Structures are given as C-alpha cells and as structure tokens.
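Here is what each chain is made of, one letter per residue.
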Amino acid sequence: MFRLIKLEWTKFRKNTVIQLLILFFFLFFPACLYFGTLIPELPSFLPSKESFFQFPDIWDYLGYAGNWIAFFFIGVASVYLLTIEVSNKTMRQSIINGLTRNEFFLSKLLSIIIISAIASAFYAVLGLIIGLIHTEGFDLVAAFDNDWAIARFFLMCLSYTSFALMLAYIFRKSGLAVFFYISYVIIIEPLLRYFIIERVEKASFTRYFPMNACEDLMPLPVMRYANAIPDNIDFAFLLEYKEAVTATIIYLALFISLSYFLFKKRDI
Amino acid sequence: MPVLQIDNLSKNYGRLKALNKLSLTVEKGQIMGILGPNGSGKTTTLGIILGILKASGGDYSWFDGTMGHNYRLNIGSILETPNFYPYLDADDNLEIVRQIKKVDDRNFDDLLDLVKLSGRRKSKFKTYSLGMKQRLAIAATMIGDPDVVIFDEPTNGLDPQGISEVRNTLTEIASRGKTVIMASHILAEVEKICSHVAIIKNGKLLATGPVGSILSSDIFLELKSDDTDKLMGFLRSNQSIKKIELKDGVIECTASENLNPAELNASAFSHGIQLSHLVSRKRKLEEEFLEITR
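Calculation notes
- Residues numbered from 1 in each chain as written.
- Chains lettered and ligands numbered in written order.
- Predicted model: local features only at pLDDT ≥ 70, side-chain atom pairs only at ≥ 80, totals over all residues.
- Helix = DSSP H or I, 4+ residues; strand = E, 2+ residues; numbered from the N terminus.
- Buried ≥ 20, exposed ≤ 12 C-beta atoms within 10 Å, placed from the backbone.
- Contact = placed C-beta atoms within 7 Å.
- Pairing = 2+ DSSP bridges.
- Axes fitted to C-alpha atoms, helices over the stretch in contact; angles between N-to-C directions.
- Domains from an automatic or database assignment.
- Left-handed = near helix turned anticlockwise from the far one by under 90°.
- Nonpolar A, V, L, I, M, F, W, Y, C, P; charged D, E, K, R; others polar.
- Core = buried A, V, L, I, M, F, W, Y, C linked by C-beta atoms within 7 Å.

With that settled, consider the overall build of chain B. For chain B, the count of helices and strands is 10 helices and 13 strands. Seen through its C-alpha atoms, chain B measures out along the principal axes to roughly 75 × 40 × 35 Å. Across the 294 residues of chain B, 41% fall into the buried class. Here the analysis covers contacts within chain B between residues at least 6 apart in sequence; of these, 69% occur between residues at least 24 apart.

Here is the structure:
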C-alpha cells in the first residue's frame, strides 16, 4: 500500500494543475471567512454573526464554506488524477509495466482518501485556530464539542472525490467529466429535486439524492433554524446528521463499486 | 518451455473481427517478428497479452503460468506510442517505471547511455523529439532486466537517422539473449532483426516459422522457351516444382530448395525443350510477404 502511495506521489508532486488546485484550496478556504465579516446584521431571531467565529458555530460556518471549496477544488483534482493518466496513456503504460488493475484502482482510491484527509486536517486546524482566537477562555473540550464535525467534513470530501473519480472512470476525458461533475452538483440534481418536489407534494425523499445528502453533512448554518420550522409547515429542509451520514456512506460504497466494476470490465 | 502461448485468441469490436482465432507460440530466446499490414491485428494481439484489452475468446499464458498475475513485471514493453508523464524528466519517468516494476536499482546511467539520452535526462519529456521519446521508451523496457521485451512499431514515424539508431539499439538488446517480440509492418526491419516471424492478416495467422525458412526454403525460377505449352507440361511433371504461373510469356515458378537449376535445364533439353531464358534466385521475404498477405 505504501508503494502505491509513493508511486502516486512521484507521479503528481511536480504536476502544476494539481499543485494549483491544492494551493487554491488552502488559500480560498480561509479567505471565505473574510466574506463572513461582510454579512449584514442578521435578523434578531438568528444568532449574531460574531458567533460564527466562536465555538461551536465556527465548525458549522467554516464547514459550509469548506463544502463549496472542497466540492470544487479537490473534486476537480480527483477527476484530473485519473483523466490525465488516460489522456497521456500512462494508465495503459502503468498496467503494461506490471501494475495490476486492482493495484491501479487502489492507488487512485488511496489518493482521494489522502487528499480528503489532508483537507479535513486543514479544516480542523483552521477551525481550532479561528475559534480559539474569537472565543473567550481556553476550553479544548468545548472546542471539540461539534457533533463530529471533522469526521463529517472528511466524509463529505470523500463523497465529492469518489463521485468525481467515478465520473472520470465513466467519461475518461477531463473536460467532459469536470463539466458533468460541476453541472450535476449545482444544476442537474437541484433541478431534478425541484421538479420532483413540484410534482409530488412534500417529496422530502429528494433530500436523499446523493449530492444533497453529501451537502447536508455540512449545511448552511442558518438552515438549521429553518429546520426547526417543519412542525408548522410539515416539511424538513435538511437531513439529520445521522441520515446524511448513512446515506452518504451508502452512496460512497455505490460510487466506488461502480468505478471498480467499470475499470475491471473495460479495455484500457 | 514456451515463453508465450496464445490459443485461438479472438477480439471483436462490435461486428468487426480484429482477431480471429489466432494461435502463436514464442519460445525462449526467439526474436519473433509479428508482421502484417496496418490494421491486421498486431497491436490488438499485444494489447490482449499485456492485459489492457479483454479478449472476446481464446486464451494466452506467459511463462507457462509460473508467474501468475505478476508476469508483466518480467516483460518490458512499448505499445504504439511512448507513454510518459510529459511534465516529468527522463529520470522521474524511469523512476515511476522502476517503482512499478519493484526494482531496487535506482541507477539509470547505463540505460540512458544505451539510448544516448544522458545529456537530456533532466529535460521534461514533452520537450523531446519523437526519436528521443522512442529511445526513452526503449530504455524503460530494460528496467529490471526483464526476460522478455516487446516493441510495437518501434521505428514508426522516425527519420532515417532515428530509424537506424533505434534498430541498432534493438539489435544490441536482442544480442543480450532476451526473448524479443516485435510488431512491424516493415519487412526490412523484421528481416534484419528477427530470428522468427509470424505473418498476420485480418486477424488471422497466415504463416509462422524461422525467418530463414520463410525466406529461403523456396527457389524462385523464371523460364522461357519457344514452346511454352510443352515447357509448362514438363514443369508440371517435376515434383520439386510447387507453383507455376505464366506472366507475359515468362513462366514463373517456385520450387523446393533441393531443385538444381542446371539439372532442370539438362532434363528439359533431353525432353526436347530448349530454354531461351532461365533465372533462379532465392525468394525474398518481401515477395513472400506480399504473396502470403495477398
């Protein structure tokens, strides 16, 4: 396993596209916080915007920002990790040189796990630093009282990256895979959900759509207050964390097994 | 022990039969040329036996099955084009192959010397000329000193200088006692480098054997006489003569190698036939190739 990680490292450590995507992730993630300070004063029934930078709300706010940043930068990086090997025919050559198909598949899987882990570690460090600066008193226990936010963040990253990787296995071309990935997450699935909700009254099952379940792992913090309303309107906007986690794990298994099935079956 | 055994291999792309029940055996130490026109199924065959294409039917085994799934670690191979990471230099690209092949020796000096790339080893792959790319690919096949090397159209697209350099390198590699499999549509290449040849057309094996046997076992004769019909009849009665054709008043025929043209002439004379023209020569592979693939 270490051999495969080392191999991926040798392949990509000098790759400009990967370097830039990761760099932008590290830059834009904290930069998002700046926009938080630009939010106008919030309605009185919501918490003050200062609380966004304090424990425990920092985890929600930062996590939501990271949701978008991770979706874009590490998602696209995951597509690229595979499609660049297809277009340069190095995937072919790796197999010819003696890597088994299983080893190649595993090397890509390990790559997205490691990228997701690094992103989550960055999230943890960033959240901790900002929270400690803005929260009075030093209390590490309170700092990490966050409903497993870091684990949810990791699961979210893994869901985006494995979805992106699956699309790369399906389409094999960077442009096509990236285009479909982005448009599925921000256009196709929301539209699908909208039309189903339009047709079927209170079709709250659409919350279980794959990318929505993934997004609900790190939802827009204010939505939690909207979620408190359903008693009146009988409609839930968000999945409970437990539901989102379960759904995401099921999708994760689906994405990975479908990728594996395709990769094993097709010509390279 | 055969290094490679192919049994009835087939590959269909939709309705197109790229390979049609092809069988072939390569023994240790052979330098096997797979010869065939473009689109005859050479690359498809190599793709299947290297595990990147799935066969529609048939089977193959490397090293008598003794190496299991790891057989490719003992094979150095280029398929179609040299495939490397364009943003990495020669050393990094070879390092990746080394890691895949599980080879301990990190020293690529000798390899890069062999293919004359030492001076450019720190340049990115994308800055290389086609000939240099091809030579780097040849160096990559030698990492870990595999028992078998496979080249697919190794001189394709190269200029005359590049072709001669690559051929010299291949001859040098072949002289190290490795089993070499080389696909090509260029006869001269196969004739110069290979010990054995398999001729493929439309996904079928047409002939296989030592280059020498296909090259020289038959004698090619041209004969002419005033009485062509009588001469034809005489030739047909000779058991050494395999095939007779009349072209522009000249009779062309192939005969087995034990036929002596002088004796044939004397025998014809004793039958009352006077030859006005007699040429005998050994068949060249090129004619054979055209003949077989016609």
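All names here are of chain B. Strands sit in the order β5-β6-β7-β3-β8-β9 across an open sheet of six strands; the sheet is mixed. For this open sheet the edge positions go to β5 (75-78) and β9 (204-210), each flanked by a neighbour on one side alone. Between one strand axis and the next, the sheet turns by 10° as a mean value, whatever way the strands run. Strand direction decides the pairing type here: strand β8 (residues 196-201) and β9, joined by six bridges, are antiparallel. Looking at β9, one finds that His196 is bridged to Pro210.

The next thing to look at is unusual backbone geometry. All names here are of chain B. Its identity is not glycine, yet Lys21 carries a phi of approximately 50°, on the positive side. By the element assignment, Lys21 lies in strand β2 (residues 16-27). Classification of Lys21 by C-beta neighbours within 10 Å gives partly exposed; the count is 14.

The subject of this paragraph is the pairing of strand β12 (residues 250-256) of chain B. Residues and elements named next belong to chain B. Bridging between strand β10 (residues 218-225) and β12 involves six bridges; their strand directions are antiparallel. Counted as the bridge partner of Ile219 is Ala255 from β12. As defined by bridge partners, strand β11 (residues 241-247) adjoins β12 across six bridges and the pair is classed as antiparallel. In the sheet register, Lys243 faces β12, and the bridge partner there is Thr254. The loop that links β11 with its antiparallel partner β12 comprises two residues; one of these, Asp248, has a positive phi angle of about 50°.

Right, let's get into the domain arrangement of chain B. Looking at chain B, the domain boundaries give domain 1 (2-213) and domain 2 (217-293). Centre-to-centre, using C-alpha coordinates, domain 1 of chain B lies 40 Å away from domain 2 of chain B.

Residue and element names in this part refer to chain B. Read across the sheet, four strands follow the order β11-β12-β10-β13 without closing on themselves; strand pairing throughout is antiparallel. Every interior strand has two partners, whereas the edge strands, β11 and β13 (275-282), have only one. Ignoring which end each strand starts from, the neighbouring axes of this sheet average 20° apart. Here helix α9 (residues 261-270) sits on the sheet in contact with β10 and β13, set at roughly 155° to β13.

A word on the packing of helix α5 (residues 101-134) of chain A against helix α12 (residues 241-265) of chain A. All names here are of chain A. Interhelical geometry of α5 versus α12 gives an angle of 145° and a closest axis separation of 10 Å. Pair α5 / α12 crosses with right-handed handedness. Between α5 and α12, the contacting residues are Arg101, Phe105 and Leu109 on the first element and Ile256, Tyr260, Phe263 and Lys264 on the second. A per-class count over the contact of α5 with α12 returns five nonpolar, no polar and two charged.

Judged by nonpolar contacts, the single largest core of 78 residues is most densely connected at Leu136, Ala139 and Ala198 of chain B. Filtering out sequence-adjacent residues up to four positions away, Leu136 of chain B remains in contact with Pro82, Phe84, Ala90, Asn93, Val115, Leu117 and Tyr128 of chain B. Counting 56 residues, the second-largest nonpolar core is a separate cluster that includes Leu62, Phe72, Ala149 and Phe163 of chain A.

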